[in-house]
Amino acid sequence: MADFQPDLAEEARRRLGASLAEQREANKRWQAMVRSPRSRGALARYRSVLGPPESAGPRRIGDLECEALLWPVPLWPDLRFEVLAAPDGAVWNEWLVRAPGAGGPVLESADDLRPWSATVDEVARAFAPVRPMEGTAPTRWRLAFTTGGRPCVAEFTYGLLQRVAVADA
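Throughout what follows, the structure given in this document is the object of discussion. (Residues numbered from 1 in each chain as written. Predicted model: local features only at pLDDT ≥ 70, side-chain atom pairs only at ≥ 80, totals over all residues. Heavy atoms only, no water.)

### A few points about the side chain of Thr147
The condition that has to hold: The helix and strand labels rest on DSSP assignments: H or I over at least four residues marks a helix, E over at least two residues marks a strand, and numbering proceeds from the N terminus. Here the term buried applies to any residue with accessible area under 20% of the maximum for its type, exposed to any over 50%, and partly exposed to those in between, with areas from a 1.4 Å probe on protein chains only. Whether two residues are in contact is decided by their heavy atoms, any of which lying within 4.5 Å being enough.
Turning to its location among the elements, Thr147 is positioned in strand 6 (residues 140–147). By relative accessible area, Thr147 is classed as buried at 13%. Not counting residues up to four positions away in its chain, the partners in contact with Thr147 are Glu108, Ser109, Ala110, Phe127 and Cys152.

Encoded structure:
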(Lines give C-alpha, C1' and ligand atoms only; values in the text may rest on other atoms or scores of the structure.)
Protein backbone atom coordinates (compact mmCIF):
# COMPACT_ATOMS: atom_id res chain seq x y z
CA MET A 1 0.00 0.00 0.00
CA ALA A 2 3.01 2.23 0.49
CA ASP A 3 3.53 2.11 -3.29
CA PHE A 4 0.33 4.15 -3.69
CA GLN A 5 0.05 6.02 -0.39
CA PRO A 6 3.46 6.38 1.28
CA ASP A 7 2.30 9.10 3.67
CA LEU A 8 -0.69 7.04 4.87
CA ALA A 9 1.51 3.96 5.22
CA GLU A 10 4.03 5.93 7.30
CA GLU A 11 1.25 7.27 9.52
CA ALA A 12 -0.15 3.74 9.92
CA ARG A 13 3.26 2.38 10.93
CA ARG A 14 3.52 5.06 13.61
CA ARG A 15 -0.05 4.40 14.86
CA LEU A 16 0.86 0.73 15.23
CA GLY A 17 3.94 1.70 17.25
CA ALA A 18 6.39 -0.02 14.89
CA SER A 19 9.78 1.35 13.93
CA LEU A 20 10.93 1.43 10.33
CA ALA A 21 13.45 -1.31 11.18
CA GLU A 22 10.66 -3.48 12.64
CA GLN A 23 8.53 -2.91 9.54
CA ARG A 24 11.39 -3.92 7.25
CA GLU A 25 12.18 -6.99 9.35
CA ALA A 26 8.54 -8.11 9.33
CA ASN A 27 8.41 -7.70 5.55
CA LYS A 28 11.69 -9.60 5.19
CA ARG A 29 10.34 -12.52 7.28
CA TRP A 30 7.04 -12.55 5.33
CA GLN A 31 8.83 -12.54 1.95
CA ALA A 32 11.11 -15.37 3.11
CA MET A 33 8.07 -17.43 4.18
CA VAL A 34 6.27 -16.81 0.88
CA ARG A 35 9.29 -17.63 -1.28
CA SER A 36 10.69 -20.56 0.71
CA PRO A 37 10.92 -23.82 -1.23
CA ARG A 38 9.54 -25.55 1.88
CA SER A 39 6.79 -22.97 2.22
CA ARG A 40 3.49 -23.97 3.73
CA GLY A 41 0.34 -23.27 1.75
CA ALA A 42 -1.06 -19.75 1.89
CA LEU A 43 -3.87 -20.68 4.31
CA ALA A 44 -1.42 -22.31 6.75
CA ARG A 45 0.81 -19.22 6.49
CA TYR A 46 -2.07 -16.89 7.36
CA ARG A 47 -3.08 -19.05 10.31
CA SER A 48 0.50 -19.13 11.63
CA VAL A 49 0.99 -15.37 11.28
CA LEU A 50 -2.53 -14.12 12.16
CA GLY A 51 -3.59 -16.86 14.57
CA PRO A 52 -7.02 -18.41 14.55
CA PRO A 53 -9.59 -16.52 12.49
CA GLU A 54 -12.25 -14.45 14.22
CA SER A 55 -14.82 -16.40 12.20
CA ALA A 56 -14.94 -19.06 9.53
CA GLY A 57 -17.82 -20.45 7.60
CA PRO A 58 -18.97 -21.85 4.30
CA ARG A 59 -19.52 -19.49 1.39
CA ARG A 60 -21.05 -20.21 -1.98
CA ILE A 61 -19.92 -18.16 -4.98
CA GLY A 62 -21.89 -19.30 -8.00
CA ASP A 63 -21.31 -23.04 -8.21
CA LEU A 64 -18.20 -22.93 -6.04
CA GLU A 65 -18.15 -23.86 -2.38
CA CYS A 66 -15.42 -22.36 -0.26
CA GLU A 67 -14.60 -21.39 3.30
CA ALA A 68 -14.51 -17.71 4.24
CA LEU A 69 -12.14 -16.90 7.10
CA LEU A 70 -12.04 -13.44 8.71
CA TRP A 71 -9.34 -11.87 10.86
CA PRO A 72 -9.55 -8.49 12.63
CA VAL A 73 -7.21 -5.75 11.43
CA PRO A 74 -5.87 -3.57 14.29
CA LEU A 75 -5.27 -0.60 12.00
CA TRP A 76 -8.86 -0.63 10.68
CA PRO A 77 -11.35 -1.90 13.30
CA ASP A 78 -14.23 -1.73 10.77
CA LEU A 79 -12.43 -4.02 8.31
CA ARG A 80 -11.54 -7.68 8.28
CA PHE A 81 -8.91 -9.56 6.32
CA GLU A 82 -10.86 -12.20 4.41
CA VAL A 83 -9.40 -15.35 2.92
CA LEU A 84 -11.53 -17.50 0.63
CA ALA A 85 -10.21 -21.07 0.59
CA ALA A 86 -11.11 -24.06 -1.55
CA PRO A 87 -12.10 -27.33 0.12
CA ASP A 88 -8.51 -28.55 -0.36
CA GLY A 89 -7.15 -25.46 1.48
CA ALA A 90 -5.95 -23.59 -1.62
CA VAL A 91 -6.47 -19.85 -1.24
CA TRP A 92 -8.65 -18.35 -3.98
CA ASN A 93 -8.77 -14.77 -2.73
CA GLU A 94 -7.34 -12.63 0.07
CA TRP A 95 -8.41 -9.07 0.70
CA LEU A 96 -9.90 -6.54 3.08
CA VAL A 97 -13.69 -6.43 3.48
CA ARG A 98 -16.03 -4.44 5.72
CA ALA A 99 -16.57 -6.14 9.10
CA PRO A 100 -19.99 -7.74 9.58
CA GLY A 101 -22.36 -5.11 10.94
CA ALA A 102 -19.97 -2.19 10.33
CA GLY A 103 -21.27 0.68 8.25
CA GLY A 104 -19.38 1.53 5.11
CA PRO A 105 -18.78 4.95 3.57
CA VAL A 106 -21.40 6.88 1.64
CA LEU A 107 -20.19 6.79 -1.97
CA GLU A 108 -22.09 9.04 -4.35
CA SER A 109 -19.40 10.70 -6.48
CA ALA A 110 -15.72 10.45 -7.29
CA ASP A 111 -15.06 13.03 -4.55
CA ASP A 112 -16.19 10.45 -1.97
CA LEU A 113 -13.50 8.00 -3.07
CA ARG A 114 -10.64 8.80 -0.70
CA PRO A 115 -7.64 6.48 -0.25
CA TRP A 116 -8.19 3.68 2.25
CA SER A 117 -11.88 4.59 2.66
CA ALA A 118 -13.67 1.84 0.72
CA THR A 119 -13.39 -1.78 -0.38
CA VAL A 120 -13.72 -3.26 -3.86
CA ASP A 121 -17.23 -4.49 -3.07
CA GLU A 122 -18.38 -1.11 -1.76
CA VAL A 123 -17.16 0.75 -4.84
CA ALA A 124 -18.62 -1.89 -7.16
CA ARG A 125 -22.06 -1.61 -5.53
CA ALA A 126 -22.03 2.20 -5.35
CA PHE A 127 -21.05 2.76 -8.99
CA ALA A 128 -22.62 -0.24 -10.75
CA PRO A 129 -22.21 -1.29 -13.41
CA VAL A 130 -18.45 -1.63 -13.09
CA ARG A 131 -15.95 -3.45 -15.27
CA PRO A 132 -13.26 -5.44 -13.44
CA MET A 133 -9.81 -4.91 -14.89
CA GLU A 134 -6.54 -6.71 -14.40
CA GLY A 135 -4.42 -5.28 -11.61
CA THR A 136 -0.70 -4.59 -11.75
CA ALA A 137 0.15 -7.33 -9.21
CA PRO A 138 -1.59 -10.39 -7.71
CA THR A 139 -2.82 -8.39 -4.70
CA ARG A 140 -4.16 -5.51 -6.80
CA TRP A 141 -7.49 -4.94 -8.53
CA ARG A 142 -8.92 -2.21 -10.73
CA LEU A 143 -12.52 -1.28 -11.48
CA ALA A 144 -13.68 0.90 -14.38
CA PHE A 145 -16.97 2.76 -13.98
CA THR A 146 -18.69 6.03 -14.80
CA THR A 147 -19.84 8.65 -12.33
CA GLY A 148 -21.14 12.11 -13.11
CA GLY A 149 -20.80 11.25 -16.79
CA ARG A 150 -17.03 10.81 -16.43
CA PRO A 151 -15.13 7.54 -16.82
CA CYS A 152 -13.11 6.50 -13.76
CA VAL A 153 -10.69 3.75 -12.82
CA ALA A 154 -10.30 2.86 -9.14
CA GLU A 155 -7.20 0.97 -7.99
CA PHE A 156 -7.12 -1.30 -4.93
CA THR A 157 -4.44 -3.14 -2.97
CA TYR A 158 -5.65 -6.09 -0.91
CA GLY A 159 -9.17 -4.88 -1.69
CA LEU A 160 -8.70 -1.42 -0.16
CA LEU A 161 -9.07 1.69 -2.33
CA GLN A 162 -5.76 3.37 -3.11
CA ARG A 163 -6.53 5.92 -5.81
CA VAL A 164 -9.01 6.90 -8.50
CA ALA A 165 -8.25 8.30 -11.93
CA VAL A 166 -11.06 10.47 -13.27
CA ALA A 167 -11.08 11.45 -16.94
CA ASP A 168 -11.34 15.15 -17.72
CA ALA A 169 -14.77 16.36 -18.83
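Still more to cover.
### A short note on the pattern of salt bridges
The test is simple: Salt bridges are counted wherever a side-chain nitrogen of Lys or Arg sits within 4 Å of a carboxyl oxygen of Asp or Glu.
Taken as a whole, this structure holds ten salt bridges when the rule is applied. We note a salt bridge from Arg80 to Glu54, for which the minimum N-O separation is 2.7 Å. With a gap of 26 residues between them, Arg80 in strand 3 (residues 79–85) and Glu54 in the loop between helix 3 (42–50) and strand 1 (55–61) connect regions that are remote in the sequence. By relative accessible area, Arg80 is classed as buried at 13%. Two residues, Glu65 and Arg60, come together in a salt bridge whose shortest N-O distance is 2.1 Å. Among the residues examined, Glu65 registers a relative accessible area of 39% and is labelled partly exposed. Residue Arg60 is classed as exposed on the basis of its relative accessible area, which comes to 52%. One network of salt bridges, with partners in common, ties together Glu10, Arg13 and Arg14.

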